[in-house]
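# Architecture at a glance
Next come the chains, spelled out residue by residue.
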Amino acid sequence: MRPFILGAVAYDPKVVTIWDGFKLYFEANGLSFDYVLFHNYERQVEAHFAGVIDVAWNSPLAWVQAQRIATRLGRRAQAVAMRDTDQDLTSVVLVRTEGPATIADLTGRRIGVGAMDSPQATLLPLLQLAERGLDVHPDHPNVVRHDVLVGKHGDHIGGEREAVRALLHGDVDAACIIDGNLAAFTQEGTVRAGALRVLATTPAYDHCNFTVLDGTATRPLTRFLALLHGMSWGEADTRRLMDLEGLKAWRPGRTTGYSALDRACTRFGTADAFVAQQVARG
Amino acid sequence: MTRRRVVDLTGARMDQGAALIVRHALADMGPGDEVRVVGDDASLVPTLRALARALGAPFTVEADGACVLGASTHPDGRRTGGMLVPTAPADHAHPRWGLAARGTLVEAGGPEFAFPLAEKRAVWTDELARLYAQAAAAQWDPATAIPWAEPRCDDDAVEAAVVQVMAYLVENETAALLVPARFCAQVHPHFREVLQLLAIQTADEARHIEVFTRRAGLEAPRGPGPAPMPPLSTVGGQTSLKSLVDEPDFALASFLLSVLGEGSFLSLLRFLDRYAPDAVTRAVARLAAQDEARHVAFGLAHLERQTALDPSLRPQLAAAVHARHDALAHTAGLNAEVFDALVLIAGHQPNRPAWDPVGIATGWNAVQELIAEMDAGRQVRLRRLGFSGAEAAALSALHTRNFM
């Protein structure tokens, strides 16, 4: 009998360590489990609809893609679980301390963003600026993208660090990053105290989720979710895995935190070509 | 009753560590307690939102822009199931204590370290703290402690003898560096005093190697003219030292090196301090002897404790001397060059030729006294370890003729 197969994107070598550890944990607790790593989220979403995997560890953009494809195909995508740290994130638009005072002051200025497919460092902050009246989109000539590892939907921190460095060097006038990286870049010394200022903050949004499609076998899925929720940060064996994945508790999946990204995809046409291609394949 | 603490960060900057103040305020909060944070830094909200996520703490922003953080729902995760390392040395050091300081709590789930010497009885002596403090206080600087500018002996034969003895000392001190260095990496760091003492012993030997090498001028650039005959490193000498370097057992290595080898060396260094023809050689010998005396004291204290706890160790020590003697039986022992050099050094009188028969006879007698003194010293130390007078005399007689 086929094991319950998870798909994940290899955005970092530690991904192997993480899912090898989860595999041991699941199998020690009676769930026959395996995983497949993909180079990028588009191949993962495609494989999901092709039935190669049972559950996908999806970025927020991969979720929107899957959800749109499912709707167009008359199928149903469901977010079944997420990390506590996937909920209620924000992104910030940073400027130099002496830089623009308002969003309107960014008109005609260069805005540094992350990779073209990064929800947190490109799509969501640009949506925030666009909805506040600024003429921007990911392909706008004033938008300076830092396309590090395109296809990994911004999971790699590199694009955001490059955007901040460009801001500090004066190559751009604003930089968009996730809130957690603001503190991280300050602590690691990339940003010295007093150099930058938060110009705008996005509304809260959600990040990754475990996505399943209609027709997923109920019994292994139920066991998978029960084992996830049974993990405790207070227990050494599971804490090691939870620390690697960056969470303290698993939460039930929710989709309310993706509405802004869905609007961004609509406004910028981000997912259109990929979704159309997948729908055409059926 | 739930508590609500207010933290006012007005004027404080989030990019200058203000989040630490919030973490501190949260530290003793229980379930349902809250910390309300106000401030005027534009990055207050995104920074504290990220902090709350990382801590697993509930987070809300109030209408006036204040942030409210709840107590973390996982406050003690890293302390649950941890191992408390005792403040006093334990009888057995657990592999999972790893490199942790005594008195700390080691988070569960960490790696296990395979330190072979993890039993207190195998490494400990109550003298450790005193010997370490003494060693740390007695460190000397080779650059300033030795009168390097003082002239060497103007007799070429005696100078060559000094160089030969220095070369011999260097290879012996190299063995004396390698042995504690190897065991230093095998002792469980829980017994930090043992590590510290072995480390400082290793550093002592590094310094000895430096000053003996420099005194010999072995690595100094040579001027024009024929190069003098290089000093000899013999098969017998190196074979004897190899048996020390290869000894895998800490107690046996400590016995052979410190109690017998360095103990004998102490006599040799004092001999050089007394007879060497120049101030530099006398100084390097005197300073090295100070250090070696400590090494002998540690080896002796460690083995005194061990033999008291485990009398069966004594026959093992005796067997090690026999085994080493048998293994070296086919070698020549102390090389003639070193023996002759010592005779020449001890017999040298200023303004008399090196090969003067009276001087040679004087030197010969002095070296015979040295050998007798080494033997007597070994017997004293062996008796301290509980060997009878007869056993001590027999074992001392079997000690390598290479001195170390």
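## Remarks on the pairing of strand S2 (residues 33-38) of chain A
Residue and element names in this part refer to chain A.
- Inspection of the sheet shows strand S1 (residues 4-9) paired to S2 by six bridges, in the parallel sense. The partner of Ile-5 across the bridge, within S2, is Asp-34.
- Taken together, S1, helix H1 (residues 14-28) and S2 constitute a β-α-β crossover, and its handedness is right-handed.

## Some points on the environment of Ala-279 of chain B
All names here are of chain B.
- Tracing the chain through its elements places Ala-279 in helix H10 (residues 279-309).
- Linking Ala-279 and Leu-197, residues 82 residues apart in sequence, is a C-alpha distance of 30 Å.
- Setting aside chain neighbours within four positions, we find Ala-279 in contact with Pro-147 and Glu-150.

## A look at the packing of helix H6 (residues 156-184) of chain B against helix H8 (residues 235-245) of chain B
Residue and element names in this part refer to chain B.
- Packing of H6 against H8 brings their axes to within 9 Å, and their N-to-C directions diverge by 10°. Between H6 and H8, the angle falls in the class roughly parallel. Every residue of H8 that contacts H6 at Tyr-168, Glu-171, Asn-172, Ala-175, Leu-178 and Val-179 is listed here: Gly-237, Gln-238, Leu-241, Leu-244 and Val-245.
- The residue makeup of the contact of H6 with H8, split by class, is seven nonpolar, three polar and one charged.

## Things to note about the nonpolar core
- Formed by 106 residues in total, the largest nonpolar core has its most connected members in Leu-94, Ala-174, Ile-177 and Leu-261 of chain A together with Leu-48 of chain B.
- The residues contacting Leu-94 of chain A, other than those within four sequence positions of it, are Val-164, Leu-167, Ala-174, Ala-175, Ile-177, Leu-196, Arg-197, Val-198 and Leu-199 of chain A.
- Membership of the second largest hydrophobic core comes to 83 residues, among which are Trp-124, Cys-153, Ala-161 and Met-374 of chain B.

## Here's the deal with the domain arrangement of chain A
Residues and elements named next belong to chain A.
- Looking at the assigned domains, one finds that chain A contains domain 1 (4-86 + 206-281) and domain 2 (91-201).
- On the side of domain 2, 14 residues touch domain 1, which itself brings 17 residues to the contact.
- Mapped by element, the contributors of at least two residues to the side of domain 1 that touches domain 2 are helix H2 (41-49), helix H3 (60-72) and helix H9 (259-268).
- Looking at the side of domain 1 that touches domain 2 element by element, the count peaks at six residues for H9.
- Among the residues forming the side of domain 1 that touches domain 2, the class breakdown is 10 nonpolar, four polar and three charged.

## Points about the sheet that holds strand S1 (residues 4-8) of chain B
All names here are of chain B.
- Ordered in space as S1-S2-S4-S3, the four strands form an open sheet in which the pairing is mixed. Single-partner strands in this sheet number two, and they are S1 and strand S3 (59-61). The sheet shows a mean angle of 20° between the axes of neighbouring strands, direction not considered.
- Summarising the sheet, strand S2 (residues 34-38) and strand S4 (residues 67-70) pair through four bridges and their orientation is antiparallel. Residue pairing across strands places Glu-34 opposite Gly-70, the latter belonging to S4.
- Across the sheet, helix H2 (residues 44-55) is in contact with S2, S3 and S4; its angle to S4 comes to roughly 10°.

## So, the interface of chain A and chain B
- Listed per partner, the contact involves 23 residues of chain A and 19 residues of chain B.
- Those elements giving two or more residues to the side of chain A that touches chain B turn out to be helix H6 (179-188), strand S9 (196-201) and helix H8 (236-245) of chain A.
- Sort the elements by how many residues they give to the side of chain A that touches chain B and H6 of chain A lands first, with five residues.

## Re the environment of Ser-232 of chain A
- Its place among the elements puts Ser-232 of chain A in the loop between helix H7 (218-229) and H8.
- C-alpha of Ser-232 of chain A to C-alpha of Met-242 of chain A: the two residues are 10 residues apart in sequence and 8.4 Å apart in space.

## Here we look at unusual backbone geometry
- You will see that Asp-88 of chain A, though not glycine, has its phi angle at about 65°, which is positive.
- Mapped onto the elements, Asp-88 of chain A comes out in the loop between strand S4 (77-83) and strand S5 (91-96).
- With 18 C-beta atoms counted inside 10 Å, the residue Asp-88 of chain A sits in the partly exposed group.
- The backbone of Asn-351 of chain B sits at a positive phi, close to 70°, despite the residue not being glycine.
- When you line up the elements, Asn-351 of chain B lands in the loop between helix H12 (336-347) and helix H13 (357-384).
- For Asn-351 of chain B, a count of 5 C-beta atoms within 10 Å corresponds to the exposed category.

Quick notes on the rules
Residues numbered from 1 in each chain as written. Chains lettered and ligands numbered in written order. Predicted model: local features only at pLDDT ≥ 70, side-chain atom pairs only at ≥ 80, totals over all residues. Pairing = 2+ DSSP bridges. Helix = DSSP H or I, 4+ residues; strand = E, 2+ residues; numbered from the N terminus. Right-handed = clockwise from strand over helix to strand, strands pointing away. Contact = placed C-beta atoms within 7 Å. Axes fitted to C-alpha atoms, helices over the stretch in contact; angles between N-to-C directions. Parallel < 35°, antiparallel > 145°, perpendicular 65-115°, else oblique. Nonpolar A, V, L, I, M, F, W, Y, C, P; charged D, E, K, R; others polar. Core = buried A, V, L, I, M, F, W, Y, C linked by C-beta atoms within 7 Å. Buried ≥ 20, exposed ≤ 12 C-beta atoms within 10 Å, placed from the backbone. Domains from an automatic or database assignment.

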